[in-house]
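# Fold and geometry: a report
Here is how the chains run, residue by residue.
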Amino acid sequence: MSTFSYIKGLGFHVPERIYTNTDLEKIVDTNDEWITSRTGIKQRHVVEDETCHDLAYEASLKALQEAGMEAEELTHVIVATFTGDMPIPSTSCLLMERLGIKNIAAMDLSAACSGFVYAVEVARALINLDPTAKILVCGAEVVTSRVNWEDRSTCVLFGDGAGAAVMVAGTGDESGKILDTLVRADGNHGMNLTVKGGGSAYSYKAGDTVGVENFVEMQGREIYKHAVRSMTSISNEILKRQGLSIDDVDVLLPHQANMRIIEAVGKKLGILREKVFANVDKYGNTSAASIPIALADARESGFIKDGDLVLLATFGGGLTWGSSLIQF
Ligand code: UT7
């Protein structure tokens, strides 16, 4: 019998403070009508003094609790983020320390908004290498720390939060079985979505001030087209590889960047709108945290039921994209 990876527990956490669209009207020249009609976002959660690993910690506690596991049982911690506490130590090391565990593997993974699905793929590979592995996979972001609050074309889009999953090996048909995962990238279009500051190509010199290169810069229209195209094509590819059709899918759970993108992908795939999960209205785009927050939220709210086949589709900077099929 072949070994599969399973999601045993899910959890998410967002900071308490909320910025509504109306709140943003006081910061930049924008309005609720524009943000709602172009993106579907109504509000986003924004940290006060929490860091990335603080958010990851709260989400991880919930995921461990749902899995019925203690942190001490973990063998690996992976955190997908582009807004970690600091470059060194990694956010995964800070998270481990906070969880009170040591002497296991920890690493951060950089694949922008696709980071969680990439991390799931890495965890699957690790579980295949060693079926006794028990892996905490987090997507955690303080995107608002990398947002230019003077740029209305980007600052209205993002929010902070974290989602976590505990992954283990198994063989049967229990809930959370990951049937397949696919991840892809194309560096050719990468400069359409950047955070350059802090990188060696933009190294700090004495006296430099913080410039726009330290924040998210995006060619929104270009990214929009790539997002719809790649999430649709990778979803079709993973379904075909598994001998399934879109009619077999109970829930489509896409990256939560923009309601128009979410609906366009659903339409192109030919799935009923009521099977498409969206919570972008409440959280905005939380980058690598978006998919695990949506998964945990959809599970908690009963949108994903026992027995449901869930199709994940993600897209982000790099450019990167990916998909996963999970049987709950
Ligand atoms: O997670 C990573 C992946 N990221 C994404 O998936 C984001 C993909 N892109 C998008 O979601 C959309 O392109 C946006 C929501 C970012 C923008 O929507 P759009 O329909 O492509 O608008 P646009 O950028 O073409 O801007 C249209 C107009 C412009 O004014 P003019 O030039 O037509 O006079 C902008 O200046 O809207 C203006 N605008 C705004 N107006 C009010 C841009 N931002 C705002 C704003 N409030 N916040």
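Everything quoted here is computed from the prediction, not taken from an experiment.

The next subject is the overall build of the chain. The helix and strand inventory of the chain stands at 10 helices and 13 strands. A compact globule built from 328 residues should have a C-alpha radius of gyration of about 20 Å, and the chain, at 19 Å, falls within 12% of that. Its C-alpha atoms give the chain principal-axis dimensions of about 60 × 45 × 35 Å. Counting only residues that meet the buried cut, the chain has 55% of its 328 residues in that class.

A separate point is the pattern of salt bridges. In this structure the tally under the stated criterion is 13 salt bridges. The partner of D29 in a salt bridge is R152, and the shortest N-O contact between them spans 3.7 Å. Of the two residues, D29 sits in the loop between α1 (21-25) and α2 (32-39) while R152 sits in helix α6 (residues 152-155), which places them 123 residues apart along the sequence. Judged by its relative accessible area of 60%, D29 falls in the exposed class. Looking at R152, the relative accessible area reads 47%, which means it is partly exposed. With its nearest N and O atoms 3.3 Å apart, the salt bridge here joins K177 to D173.

A few words on the site of the ligand. Taken together, 22 residues lie around the ligand, and T30, R38, R152, N258 and N285 are the ones closest in. Between an oxygen atom of the ligand and a side-chain N or O atom of W34, the distance comes to 3.1 Å. Measuring from a nitrogen atom of the ligand, one finds a backbone N or O atom of R152 at 2.9 Å. Notes on the ligand: free accessible area 960 Å², of which the protein chains cover 75%. Sorting the residues of the shell around the ligand by element identifies α2, α6, α7 (220-241) and α8 (259-269) as the ones contributing at least two each. Among the residues making up the shell around the ligand, the classes are represented as 10 nonpolar, 7 polar and 5 charged.

With that settled, consider helix α5 (residues 115-129). The end-to-end C-alpha separation of α5 is 21 Å, in line with the 21 Å expected for 15 residues at 1.5 Å each. Buried within α5 we find G115, F116, V117, Y118, A119, V120, A123, R124, L126 and I127.

Quick look at unusual backbone geometry now. The peptide bond linking I88 to P89 adopts the cis configuration, its omega dihedral lying at -5 degrees. Among the secondary structure elements, P89 is positioned in the loop between β4 (76-80) and α4 (91-99). That bond from G318 to L319 is cis: its omega, -5 degrees, falls within 30 degrees of zero. Positionally, L319 belongs in the loop between β12 (309-316) and β13 (320-327). Phi at N103 takes a positive value of approximately 65 degrees, unusual for a residue other than glycine. Position of N103 relative to the elements: it lies in the loop between α4 and β5 (105-109). A positive phi is found at A112, a non-glycine position, where the angle reads about 50 degrees. If you trace the backbone, A112 turns up in the loop between β5 and α5.

As a further point, take the side chain of T314. Mapped onto the fold, T314 is located in strand β12. For T314, a relative accessible area of 0% gives the class buried. Once you skip the residues sitting within four places of it in the chain, T314 turns out to touch C113, S114, V117, M231, H255, I291, W321 and G322.

Attention now moves to the domain arrangement of the chain. According to the domain assignment, the chain contains domain 1 (4-173) and domain 2 (178-327). Between the C-alpha centres of domain 1 and domain 2 the distance comes to 14 Å. Each side of the interface is counted separately: domain 1 has 49 residues, and domain 2 has 49 residues. Together, the buried faces of domain 1 and domain 2 total about 3800 Å²; carbon and sulfur atoms form 65% of this surface. The largest per-residue losses of area from domain 1 upon contact with domain 2 belong to F12, C113 and R146, which jointly make up 18% of the total buried on that side. Between the two partners, domain 1 and domain 2, sit 0 salt bridges. Run the count over domain 1 and domain 2 and you get 19 residue pairs in polar contact (both at pLDDT 80 or more). Those elements that place two or more of their residues in the side of domain 1 that touches domain 2 are β1 (4-13), α2, β3 (43-45), α5, β6 (134-142) and β7 (160-170). Here the side of domain 1 that touches domain 2 is built from residues that sort into 23 nonpolar, 17 polar and 9 charged.

Quick notes on the rules
- Residues numbered from 1 in each chain as written.
- Predicted model: local features only at pLDDT ≥ 70, side-chain atom pairs only at ≥ 80, totals over all residues.
- Heavy atoms only, no water.
- Helix = DSSP H or I, 4+ residues; strand = E, 2+ residues; numbered from the N terminus.
- Rg over C-alpha atoms; globule rule 2.2 N^0.38 Å.
- Buried < 20%, exposed > 50% of the residue type's maximum accessible area, 1.4 Å probe, protein only.
- Salt bridge = Lys/Arg side-chain N within 4 Å of Asp/Glu carboxyl O.
- Near = heavy atom within 4 Å.
- Polar contact = N/O pair within 3.5 Å; in protein donor to acceptor, adjacent residues only side chain to side chain.
- Areas by Shrake-Rupley, 256 points an atom, 1.4 Å probe, with all protein chains shown as cover.
- Nonpolar A, V, L, I, M, F, W, Y, C, P; charged D, E, K, R; others polar.
- Expected span 1.5 Å × (residues − 1).
- Contact = heavy atoms within 4.5 Å.
- Domains from an automatic or database assignment.
- Buried area = accessible area lost by both parts, 1.4 Å probe.

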